[in-house]
Amino acid sequence: MSFLFGGKPQLSSAEKIDAALTEVEMVSDMFNRLSQSCLKKCIPADYREGDLNKGESVCLDRCVAKFFEVNVKVSEKMQGEAAMRQGGAAGAGGMFGM
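Our subject in this report is the structure included herewith. All residue numbers here refer to positions counted from 1 along the written sequence of the relevant chain. Restriction of local features to residues with pLDDT of at least 70 applies here, the model being predicted, together with a cutoff of 80 or more for giving and counting side-chain atom pairs; totals for whole chains, interfaces and linings are based on all residues. The basis for every side-chain value is the complete set of heavy atoms in the structure, and neither hydrogens nor water enter the calculation.

## Brief notes about the state of the cysteines
Right, so step 1: A pair of cysteine sulfur atoms is labelled a disulfide when the two atoms are within 2.5 Å. If you walk through the whole model with that rule in mind, you get two disulfides.
Right, so step 2: Each sulfur of the disulfide joining cysteine 38 and cysteine 63 lies 2.0 Å from the other. Linking cysteine 38 and cysteine 63, the disulfide has an S-S dihedral of approximately -90° and is accordingly described as left-handed. Taken together, the residues cysteine 38 in helix H1 (residues 13–42) and cysteine 63 in helix H2 (residues 54–93) connect sequence positions 25 residues apart.
Right, so step 3: With a 1.4 Å probe rolled over the protein chains alone, any residue whose accessible area is under 20% of its type maximum counts as buried; one over 50% counts as exposed, and the rest are partly exposed. Look at cysteine 38 and you get buried, because its relative accessible area is 3%.
Right, so step 4: The disulfide partner of cysteine 42 is cysteine 59, and the gap between their sulfur atoms is 2.0 Å. Runs of H or I in DSSP of at least four residues are treated as helices and runs of E of at least two as strands, each being numbered from the N terminus.

## Remarks on the pattern of salt bridges
Right, so step 1: The salt bridge definition used is simple: a Lys or Arg side-chain nitrogen within 4 Å of an Asp or Glu carboxyl oxygen. Applying the stated criterion across every chain yields a total of four salt bridges.
Right, so step 2: Two residues, lysine 73 and glutamate 69, come together in a salt bridge whose shortest N-O distance is 3.4 Å. In this pair, lysine 73 and glutamate 69 are both assigned in helix H2, four residues apart and thus about one turn of the helix distant.

## Notes on the side chain of glutamate 56
Right, so step 1: Considering the arrangement of structural elements, one finds glutamate 56 in helix H2.
Right, so step 2: Neither His nor the chain termini are counted; the positive set is Lys and Arg, and the negative set is Asp and Glu. One buried charged residue, glutamate 56, remains without a salt bridge, the closest side chain of opposite sign being arginine 48 at 6.0 Å.
Right, so step 3: In this structure, glutamate 56 is in contact with Cys42, Ile43, Pro44 and Asp51, ignoring residues within four places of it in sequence. Contacts were defined at the residue level, with two residues in contact if any of their heavy atoms lie within 4.5 Å.

As structure tokens, then:
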């Protein structure tokens, strides 16, 4: 009953597993998008060497840094907008809609 007094309701094992699976899928998707995007930008289609050269390495480093920077900014923006929507809805209704 802790959820009645502001605490979070406890998740069941199935809900925890579903949340973990969703998180793994999201991380896998982000990694795949990062890999595809930076590979296309930084690595030429015709491989000349077995190892990355200096330019390719620097390009990949910058690409990954920018990808994560944008990802953080978008996440912060979305969380801020969600908080504003929840704050606006909670402020308008009050407790039990009164």
